[in-house]
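Coordinate inspection notes
If you want the building blocks of each chain, they are given just below.
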Amino acid sequence: MQQKRQQKKQNSFPKSERLTSRNDIERLFSKGGRFMAYPFSVRYLFEAWDCKGEAVSVLITSPKKYQRFAVCRNRAKRLIRETLRTNKQQLQSLLEDKKLRLLFSVSLVSKHLPTYRQTQTKMTEILSTLTAKAENENH
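Residues numbered from 1 in each chain as written. Predicted model: local features only at pLDDT ≥ 70, side-chain atom pairs only at ≥ 80, totals over all residues. Heavy atoms only, no water.

**Some points on the confidence of the model for the protein**
Spelled out, the test is: pLDDT measures how confident the predictor is about each residue, on a scale from 0 to 100. In this analysis, two residues are considered to be in contact whenever any of their non-hydrogen atoms come within 4.5 Å of each other.
For the protein, per-residue confidence averages 89 on the pLDDT scale, and residues scoring 70 or more make up 92% of the total. Low pLDDT (under 50) marks residues 4-8, which in the prediction has 0 contacts with non-local residues, meaning those over four places away or in another chain.

Pasting the structure below:
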């Protein structure tokens, strides 16, 4: 029963992991790096972590420029959240070990809504890229 609770906690996406601070968002977009994993654009910033808050903070966007209808934008964000929630454990444990905090944003930059399988594939690619960058990061 304890193991089941631990597993449930690992596969969650609490509000504390969402990037909501205006200062953090401005710092991410001004100082952070970026890369593309089409149909997603990713911005990231590694910082020293003082063990307060979460090691990973995420901003998920689906701009109106690419997805005209709110239904499509909400579906895209839901797909990104779900695939991130199920695949973030390796990155999170690495960041906690290295005492790093990661701020990153994922934006859909395609006019076509990706399927769940495409989103899953790209999100694993994005997370493995961020994991590799975290391993090379020195703070």
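**Observations regarding the nonpolar core**
For clarity, the cut-off: Nonpolar cores are built from buried Ala, Val, Leu, Ile, Met, Phe, Trp, Tyr and Cys residues. Side-chain atoms within 4.5 Å join them into one set. Accessible area is worked out with a 1.4 Å probe on protein chains only. A residue is then buried under 20% of its type maximum, exposed over 50%, and partly exposed in between. Secondary structure elements follow DSSP: runs of H or I no shorter than four residues count as helices, runs of E no shorter than two count as strands, and numbering proceeds from the N terminus.
Among the nonpolar cores identified, the biggest contains 28 residues, and L95, L102, F104, I126 and L130 are the most heavily contacted of them. Every element with two or more residues in this core is listed here: strand 1 (33-37), strand 2 (40-48), strand 3 (56-61), helix 3 (70-87), helix 4 (89-98), strand 4 (100-108) and helix 5 (116-136). In contact with L130, other than residues within four places in its own chain, are F35, Y44, F46, L91, L102 and F104. Core analysis: the next-biggest nonpolar cluster, separate from the first, contains 5 residues, L19, L28, L45 and L59 among them.

**Remarks on the sheet that holds strand 4**
What counts, and what does not: Note on pairing: DSSP must find at least two bridges between two strands before they are called paired. Under this scheme, a helix contributes an axis fitted over its contacting stretch, all axes are lines through C-alpha atoms, and angles between N-to-C directions fall in the 0 to 180 degree range.
Pairing in this open sheet of 4 strands is mixed, and the strands run 1-2-4-3 from one edge to the other. What marks the edges here is a single partner per strand, and that holds for strand 1 and strand 3. Looking at each pair of strands side by side, their axes are set apart by 20° on average, direction ignored. Pairing of strand 3 with strand 4, which is carried by 6 bridges, proceeds in the parallel orientation. Considered in strand 4, the bridge of V56 is made with L102. Each of strand 1, strand 2, strand 3 and strand 4 touches helix 2 (residues 22-31); the most contacted strand, strand 4, lies at about 80° to it.

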